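The chain contents come next:
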Amino acid sequence: MIQVHLPDGSARELEAGSSAADLASQIGPGLARAAVAAVVDDEVCDLSRPLSDGAQVRLLTKRDPEALEILRHSAAHLLADAILRIFPQAQLAIGPVVEDGFYYDIYMPDGSITPEAFPQIEAEMKRLAKESHAFERCQVADKDADEAFARYRAIDGGHNKFKHEIVQDIEARGEEITLYRHGEFVDLCRGPHVPNTGWLKFAKLTAVSGAYWRADADREQLVRVYGTAFFGKGELKEHLHRLEEARKRDHRMLGEQLDLFHFEEEAPGFPFFHAKGATVFNLLVDTMRNLLRRRGYFELKTPLVLSEKLWHVSGHYDNYLENMFFTKLKLRDEKDAATIHDNVEEQRPMALKPMNCPGHVLVYKDRNHSHNEFPLRFSEMGLVHRRELSGVRHGLFRVQAFTQDDAHHFCTPEQIGDEICMLIDFFREVYGLFGLDDVRIELSTRPEKSLGSDEIWDQAESALQGALDAGGIEYQVNEGDGAFYGPKIDFHIRDVLKRSWQCGTIQLDFSMPDRFGCTYVGADGAKHTPVMIHRACYGSVERFLGILIEHFAGRFPTWLAPVQVLVIPVSAKFIEYAREVHEQLLDADVRTEVNLKDDRVGYKIREASLQKLPYVIVVGERETENRTVSPRSRDQGELDEMTVAAFLERLTEERA
RNA sequence: GCCGACGUAGCUCAGCUGGUAGAGCAGCUCACUCGUAAUGAGCAGGUCGUCCGUUCGAAUCGGAUCGUCGGCUCCA
């Protein structure tokens with residue numbers, strides 16, 4: 001007999017050689033059915049693995065996050081099995097689990113795998129799942145003698161150099177080779193797996209893309225087939241529904257449908273905001289301006305183009321060159337006007353600002369400062385340009401020019417803690433305005449490419465950490481992900497679809513004030529170097545707008561809607577009254593339009609609904625006579641006839 | 001940047017194996033004067049992303065290029 005320990009502190013007696021599966025059935029039939037795998041002495045392993053005496057055992061069921069990974073990894077095996085049946089020439093590379101599912105990288109010496117083949121592959125996977133083959137772990141003691149290994153070698157033709165490479169690596173590390181078999185299929189794998197393929201009924205292939213062997217562009221091109229798997233039909237359906245919902249909310253599509261912005265081939269990654277998009281954009285900016293003013297910020301406006309020399313001083317030239325746009329001069333030949341000299345060497349080469357900080361430093365340096373005016377807070381809705389690799393541009397989320405709601409605090413080292421705490425409260429309040437209350441905070445530390453001594457970095461990192469700890473704020477640490485001039489705190493917010501977006505950032509900087517020779521006069525009458533805090537709350541206004549479009553699915557709350565009310569006359573006879581109502585709304589600062597086109601009321605309402613306008617107002621004979629309006633709310637449908645004053649009151653309540 | 005797919009009217013898309021482009025919506029005009037998600041009729045609209053090539057002939061085939069979309073930390 002052996003004894004094993006359970007997480008609740010209790011112990012169980014089992015016959016020698018018993019497995020975790022035996023333990024589960026001893027505890028109860030329900031658990032025996034629900035158990036997926038086990039954690040034995042902190043190692044995740046198969047249910048069938050024999051337990052040793054004194055082991056600490058935790059059984060995993062579908063509720064445990066580890067279990068979902070195991071399920072998905074098993075599904076990757078099933079995918080590989082199915083693919084080999086349909087494409088016998090395929091060679092398997094690797095098949096790991098990723099955030100929302102799994103993938104398998106496959107080498108196709110001829111042909112390819114396209115989404116058209118998905119139904120066939122999925123049908124094969126479903127069949128294999130129904131057959132409920134047990135996953136069997138095989139340890140390979142001697143490759144040449146082992147029967148399972150011989151089968152494994154034969155499984156995709158015996159010439160699979162990818163697996164061969166992996167086996168060599170494992171042997172080089174002196175580790176044991178293990179295989180997993182289900183039915184006829186054998187794959188090199190560390191495991192663990194679900195007990196049998198019967199668990200894998202709810203799998204779905206989602207995408208196919210290219211990838212390289214070992215992520216090396218010089219190595220073989222592989223086909224990466226993505227899929228996902230869940231324990232139950234409901235969860236799979238919900239996941240697919242969420243993907244569909246995210247697709248429908250795509251801000252690039254809504255941006256076009258709602259006439260908010262567009263992109264041009266002539267200006268890749270530079271959005272053109274239309275009137276409605278610009279309205280929302282400006283509302284975001286105005287909202288922020290008010291909040292900043294109440295917190296004692298001074299708003300600046302600094303140039304877009306500054307000399308290259310300045311970027312040498314700031315360190316951007318050495319650390320950020322690849323992301324910067326530089327000006328390039330062209331000159332007409334003095335003698336021949338038709339000849340243009342390209343790439344003319346400029347005496348003072350210029351660059352577009354990728355960040356606002358050096359500009360703010362120059363404003364700071366324009367006069368002397370005293371500790372009495374600290375913390376000094378300079379803000380700017382700063383338009384910055386950053387070059388991005390062509391493949392990473394993405395709607396408003398990744399552009400090449402964007403507006404930062406940027407600010408820099410100049411303060412003494414002692415003031416850092418209070419400033420950080422103020423900012424954390426401030427940022428949370430801002431996100432709350434949009435119903436974005438799920439905020440996660442991350443602390444990022446020194447990256448490889450960076451400025452300043454270890455001592456300064458340690459000081460800065462502990463200052464941030466100290467402020468977070470003192471405020472009792474929960475956060476996680478991101479090693480090596482800081483800015484090149486200092487460590488930072490990032491704010492990640494979850495939208496209504498539970499997707500996470502990085503928005504706000506607070507960055508500590510001990511080196512830029514020093515490089516630029518910024519000083520202040522302290523209480524001791526001597527000159528000191530101030531600390532600089534870089535911070536942005538929306539991050540990029542463009543990107544934040546994109547997030548809001550998706551968060552609200554284009555249905556902006558009334559206070560943020562580009563057009564709040566559309567006035568519609570029932571027919572041409574009531575145009576005059578419609579105009580009058582429109583004017584009254586305009587006078588009350590409502591963003592309103594009037595639709596006087598020669599169309600049916602129903603048609604105009606449909607148009608307004610598709611534009612997701614919060615309100616339409618219909619006026620006809622009744623309203624003209626009674627001096628009233630009949631509103632229809634986007635969210636509540638048709639409302640009762642009311643006076644314009646009553647309608648305005650309703651709007652005011654909503655706008656507050 | 002790399003890999004893959006895609007690029008036809010303002011939008012969504014059709015156009016088989018090469019023979020000179022089509023629909024719906026939007027737009028415009030006219031009629032209807034209309035009560036809460038599409039009134040009807042007519043008109044107009046395209047160097048088929050761009051360049052080069054193959055061909056008697058290219059939206060269609062080949063190459064390059066630009067752009068868009070998806071993917072590119074994940075190492076059994």
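This one's a predicted model, so the numbers in the text were calculated from it and none came from an experiment.

Definitions and limits used
- Residues numbered from 1 in each chain as written.
- Chains lettered and ligands numbered in written order.
- Predicted model: local features only at pLDDT ≥ 70, side-chain atom pairs only at ≥ 80, totals over all residues.
- Heavy atoms only, no water.
- Helix = DSSP H or I, 4+ residues; strand = E, 2+ residues; numbered from the N terminus.
- Buried < 20%, exposed > 50% of the residue type's maximum accessible area, 1.4 Å probe, protein only.
- Areas by Shrake-Rupley, 256 points an atom, 1.4 Å probe, with all protein chains shown as cover.
- Lys, Arg positive; Asp, Glu negative; His and termini not counted.
- Charge placed at Lys NZ, Arg CZ, Asp CG, Glu CD.
- Contact = heavy atoms within 4.5 Å.
- Salt bridge = Lys/Arg side-chain N within 4 Å of Asp/Glu carboxyl O.
- Disulfide = S-S within 2.5 Å.
- Domains from an automatic or database assignment.
- Near = heavy atom within 4 Å.
- Polar contact = N/O pair within 3.5 Å; in protein donor to acceptor, adjacent residues only side chain to side chain.
- Pairing = 2+ DSSP bridges.
- Axes fitted to C-alpha atoms, helices over the stretch in contact; angles between N-to-C directions.
- Parallel < 35°, antiparallel > 145°, perpendicular 65-115°, else oblique.
- Left-handed = near helix turned anticlockwise from the far one by under 90°.
- Nonpolar A, V, L, I, M, F, W, Y, C, P; charged D, E, K, R; others polar.

**Considering the overall build of chain A**
In terms of helices and strands, chain A carries 20 helices and 35 strands. If you line up chain A on its principal axes, its C-alpha atoms span 85 × 75 × 70 Å. For chain A, the proportion of its 656 residues judged to be buried stands at 50%. A total accessible area of about 32100 Å² is found for chain A, and carbon and sulfur atoms account for 48% of it. Distance between charge centroids for chain A: 4 Å, based on 79 positive and 107 negative side chains.

**Structural notes on the environment of Glu607**
For Glu607, the position within the fold is in helix α18 (residues 601–610). Sequence separation between Glu607 and His133 is 474 residues; the distance between their C-alpha atoms is 55 Å. Those residues in contact with Glu607, other than ones at most four positions away along the chain, are Asn595 and Lys597.

**Brief notes about the pattern of salt bridges**
Counted according to the given criterion, the structure contains 31 salt bridges. Here Glu136 ties to Arg181 by a salt bridge, and the two come within 3.7 Å at their closest N and O atoms. With a gap of 45 residues between them, Glu136 in strand β9 (residues 136–140) and Arg181 in strand β10 (residues 177–182) connect regions that are remote in the sequence. Owing to a relative accessible area of 41%, Glu136 belongs among the partly exposed residues under this scheme. We classify Arg181 as buried; its relative accessible area is 14%. Lys248 is the partner of Glu245 in a salt bridge, and the nearest nitrogen-oxygen pair spans 3.6 Å. Of this pair, Glu245 and Lys248 both sit in helix α7 (residues 233–248), 3 residues apart, roughly one helical turn. Looking at Glu245, the relative accessible area reads 17%, which means it is buried. Residues joined in a network through salt bridges with shared partners are Arg58, Asp64 and Glu66.

**Describing the state of the cysteines**
Inspection of the entire model under this criterion finds 0 disulfides. Among the cysteines around Cys45, which has no disulfide bond, Cys189 carries the closest sulfur, lying 13 Å off. On the basis of relative accessibility, which here comes to 3%, the residue Cys45 falls in the buried class. With no disulfide of its own, Cys411 has Cys421 as its nearest cysteine by sulfur position, at a separation of 12 Å. Given a relative accessible area of 0%, Cys411 falls into the buried group.

**Topic: the domain arrangement of chain A**
Many analyses report the size of an interface as the accessible area lost when the parts associate. When the domains of chain A are assigned, the result is domain 1 (2–61), domain 2 (66–245), domain 3 (353–551) and domain 4 (563–655). Taking only C-alpha atoms, the centre of domain 2 and the centre of domain 4 are 59 Å apart.

**Focus on the protein's contact with RNA strand B**
As a matter of local geometry, RNA strand B sits amid 53 residues, with Tyr212, Asp598, Tyr603, Arg606 and Glu623 nearest to it. Atoms of RNA strand B within 4 Å of the protein belong to the sugar or the phosphate in 51% of instances, the rest to bases. In this structure, a phosphate oxygen belonging to RNA strand B sits 2.7 Å away from a side-chain N or O atom of Arg393. Here a base oxygen of RNA strand B and a backbone polar atom of Ala572 are 3.1 Å apart.

**Thoughts on the sheet that holds β10**
The strand order across the open sheet built from 3 strands is β9-β10-β11, with neighbouring strands paired in antiparallel fashion. Across the chains shown, the open sheet's two edge strands, defined by having one partner strand only, are β9 and β11 (185–188). Sheet twist, expressed as the average angle between the axes of neighbouring strands with direction ignored, equals 30°. Against the sheet, helix α3 (residues 65–86) makes contact with β10 and β11, and its axis sits at roughly 125° relative to β11, the strand it touches most. Lying on the sheet, helix α6 (residues 161–172) is in contact with β10 and β11; it crosses β11 at an angle near 50°.

**A short note on the packing of helix α13 (residues 416–433) against helix α14 (residues 454–470)**
Orientation of α13 relative to α14, taken along the N-to-C sense of each, is 55°, at an axis distance of 9 Å. Considering the angle they form, α13 stands oblique to α14. The way α13 lies across α14 gives a crossing that is right-handed. Residues Ile416, Gly417, Ile420, Cys421 and Ile424 of α13 form the contact with α14, whose participating residues are Ala463, Leu464, Ala467 and Leu468. Classifying every residue of the contact of α13 with α14 by side-chain character gives 8 nonpolar, 1 polar and no charged.

**Focus: unusual backbone geometry**
Between Phe374 and the following residue, Pro375, the backbone shows a cis peptide bond with an omega angle of -10°. Topologically, Pro375 is positioned in the loop between α12 (357–365) and β21 (376–385). A positive phi angle, close to 55°, is found at Ser132, a residue other than glycine. Along the chain, Ser132 turns up in the loop between α4 (118–130) and β9. Exposure remark for Ser132: the relative accessible area of 37% places this residue in the partly exposed category. Look at Asp589: it is not a glycine, yet its phi comes out positive at around 65°. Note on placement: Asp589 falls in the loop between α17 (575–587) and β31 (592–594). On the accessibility criterion, Asp589 (62% relative accessible area) is exposed.

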